[in-house]
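Descriptive structure summary
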Amino acid sequence: MILFSYEDEDDYEEAWDDFKKNTKHELDCLSYPVTLEARNSNWRGQTGYAEVDNFDDLIRKVASFDSSFVELHKEDDEYYFKLATHDVPTGFCIYITQGEE
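Here's a quick rundown of the structure. Since this is a predicted model, take the numbers as computed values, not measurements. (Residues numbered from 1 in each chain as written. Predicted model: local features only at pLDDT ≥ 70, side-chain atom pairs only at ≥ 80, totals over all residues. Heavy atoms only, no water.)

1. Description of the packing of helix α1 (residues 12–26) against helix α2 (residues 55–63)
Running from N to C, α1 and α2 point in directions that differ by 135°, and their axes come no closer than 11 Å. Between α1 and α2, the angle is such that the two are oblique. In this structure, the crossing between α1 and α2 has a hand that is right-handed. Residues Trp-16, Phe-19, Lys-20, Thr-23 and Lys-24 of α1 touch α2, and the partners they reach there are Phe-55, Ile-59 and Ala-63. Residue classes in the contact of α1 with α2 are distributed as 5 nonpolar, 1 polar and 2 charged. (Axes fitted to C-alpha atoms, helices over the stretch in contact; angles between N-to-C directions. Helix = DSSP H or I, 4+ residues; strand = E, 2+ residues; numbered from the N terminus. Parallel < 35°, antiparallel > 145°, perpendicular 65-115°, else oblique. Left-handed = near helix turned anticlockwise from the far one by under 90°. Contact = heavy atoms within 4.5 Å. Nonpolar A, V, L, I, M, F, W, Y, C, P; charged D, E, K, R; others polar.)

Below is the structure:
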């Protein structure tokens, strides 16, 4: 299920700020650090990983892909972002994984 979305548009700054605010509120339940797994995130189909310590780090990593759109999804109890970039115009996902307690 898509919770929030952002598309690169003329009023991008306000739209991005709204997306960040809504996403931060939704992901308030996370216990950091979390791991981000960007599956098939480049033209070679490679998967990358990053550990982030807070929401600001998380959103900075997601924004670093310079996407034409970003969506926050939730399926069951799992959150992930779907993005489209120049290298992967059909889109790819960045999954959020919390450490085991």
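That shown, we press on.
2. Details of unusual backbone geometry
Following Tyr-32, the chain continues into Pro-33 via a peptide bond in cis, with omega recorded as 5°. Mapping Pro-33 onto the fold places it in the loop between α1 and β2 (34–39). Despite not being glycine, Asn-40 shows a phi value in the positive range, around 50°. With respect to the helices and strands, the residue Asn-40 is situated in the loop between β2 and β3 (48–52).

3. So, the pattern of salt bridges
Side chains that differ in sign of charge can pair as their charged atoms come close. For the coordinates displayed, the defined rule picks out 3 salt bridges. With a shortest N-O distance of 3.1 Å, Arg-39 and Glu-37 are connected by a salt bridge. Using a relative accessible area of 34% as the deciding quantity, one classes Arg-39 as partly exposed. Between Arg-60 and Asp-57 there is a salt bridge whose closest N-O contact spans 2.9 Å. Of the two residues, Arg-60 and Asp-57 both sit in helix α2, 3 residues apart, roughly one turn of that helix. Take Arg-60: its relative accessible area is 52%, and that puts it in the exposed class. For Asp-57, a relative accessible area of 23% translates into the label partly exposed. (Salt bridge = Lys/Arg side-chain N within 4 Å of Asp/Glu carboxyl O. Buried < 20%, exposed > 50% of the residue type's maximum accessible area, 1.4 Å probe, protein only.)

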